[in-house]
Amino acid sequence: MRVLRVPDPLSARSATRRNEAGVHILLHPSAVRTAPHLDEEQDGLDVYTQDVLTVPASLAGLPALSVPIGVSASEGDGWPLGVSIVGQWGCERMALAVGTTIEDAEREVQQS
């Protein structure tokens, strides 16, 4: 299944076909919860699940970055939250442009 609209230049099957129903960028949470306190006891599974959302883009070789989007209100701890931005292989500029736009919007929210 192809999700991204831009063809994958590394795939012989899809190198020339656009996925018209696809998306240009994927956005998802950077972590499954806010960061734990340093003195908080964690088991190996907690540590693993905190990073599990960052692994797929790396394994696929896709450009990805995480940007801050505010602080947690639902967790009640006031810790920062982040969103991951993932683009197609070769679309680094697009992913960075989306990241810059999100950072600019967050800055405007902070100033108002």
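For the structure itself, consult the block above.
All values derive from a computational prediction rather than experimental measurement.

About the thresholds
Residues numbered from 1 in each chain as written. Predicted model: local features only at pLDDT ≥ 70, side-chain atom pairs only at ≥ 80, totals over all residues. Heavy atoms only, no water. Helix = DSSP H or I, 4+ residues; strand = E, 2+ residues; numbered from the N terminus. Buried < 20%, exposed > 50% of the residue type's maximum accessible area, 1.4 Å probe, protein only. Contact = heavy atoms within 4.5 Å. Areas by Shrake-Rupley, 256 points an atom, 1.4 Å probe, with all protein chains shown as cover. Expected span 1.5 Å × (residues − 1). Pairing = 2+ DSSP bridges. Axes fitted to C-alpha atoms, helices over the stretch in contact; angles between N-to-C directions. Core = buried A, V, L, I, M, F, W, Y, C linked by side-chain atoms within 4.5 Å. Patch = residues over 30% accessible without salt bridge, like charges linked within 9 Å, V, L, I, M, F, W, Y side chains within 5 Å. Salt bridge = Lys/Arg side-chain N within 4 Å of Asp/Glu carboxyl O.

Trainee: How should I be thinking about the overall build of the protein in this particular structure?
Mentor: The secondary structure content of the protein amounts to three helices and three strands. Its helices and strands in sequence order give the protein the pattern β-α-α-β-β-α, from N to C terminus. The buried share of the protein, reckoned over its 112 residues, is 24%. Of all intrachain contacts in the protein linking residues separated by at least 6 positions in sequence, the fraction that spans at least 24 positions is 47%. Of the roughly 7,800 Å² of accessible surface on the protein, 58% is carried by carbon and sulfur atoms.

Trainee: Is there a simple way to think about helix α3 (residues 92-111) in this case?
Mentor: Since the α-helix packs 3.6 residues into each turn, any two residues three or four apart lie on the same face. The terminal C-alpha atoms of α3, which comprises 20 residues, lie 29 Å apart, in line with the 28 Å expected from a rise of 1.5 Å per residue. As for α3, its buried residues are in contact with β1 (25-29), β2 (64-71) and β3 (80-87).

Trainee: What's the story with the environment of R5 in this structure? I'm lost.
Mentor: Its location among the elements puts R5 in the segment before β1. Judged by relative accessible area, R5 falls into the partly exposed class, the value being 22%. The spacing of R5 and A21 is 16 residues in sequence and 6.9 Å in space, taken between C-alpha atoms. Those residues in contact with R5 that lie beyond four places of it in its chain are R18, N19, E20, G22, V23 and H24.

Trainee: Can you walk me through the sheet that holds β1 in this structure?
Mentor: Hydrogen bonding along the main chain pairs the strands of a sheet, whether they run parallel or antiparallel. Reading across from one edge, β1-β3-β2 is the order of the three strands in this open sheet, with antiparallel pairing throughout. Strands with a single pairing partner mark the edges of an open sheet, and in this sheet they are β1 and β2. Between one strand and the next, the sheet's axes are offset by a mean angle of 25°, whatever the strand orientation. Relative to β3, β2 is paired through six bridges, and the arrangement is antiparallel. Counterpart to S66 in the pairing with β3 is S84. Against the sheet, α3 makes contact with β1, β2 and β3, and its axis sits at roughly 10° relative to β2, the strand it touches most.

Trainee: Hey, could you run me through the pairing of β3 in this one?
Mentor: Sheet topology note: the β1/β3 ladder contains five bridges and is antiparallel. Within β3, the residue paired with L27 across the bridge is I85.

Trainee: Would you explain the environment of A105 in this entry?
Mentor: Summarising the element assignment, A105 is placed in helix α3. A C-alpha to C-alpha distance of 8.9 Å links A105 and I69, two positions 36 residues apart in sequence.

Trainee: Mind showing me how you'd approach the environment of Q110 here?
Mentor: In this fold, Q110 is placed in helix α3. Sequence separation between Q110 and G70 is 40 residues, and the spatial gap between their C-alpha atoms is 8.5 Å.

Trainee: Before we go on, may I ask you to explain the nonpolar core in this structure?
Mentor: Nonpolar side chains in soluble globular proteins generally cluster together in the buried interior. With six residues, the main nonpolar core is built from I25, V67, V83, I85, A95 and I102. Within the residue set of this core, elements represented by two or more residues are β3 and α3. Those residues in contact with V67, other than ones at most four positions away along the chain, are L81, G82, V83, I85, G99, I102 and E103.

Trainee: What exactly am I supposed to notice about a nonpolar patch on the surface here?
Mentor: Taken together, the side chains of V3, V23 and L26 define a hydrophobic patch exposed on the protein surface, amounting to about 190 Å² of accessible area. Residue position: V3 is located in the segment before β1.

Treat this as a map of the structure, not an account of what it does.
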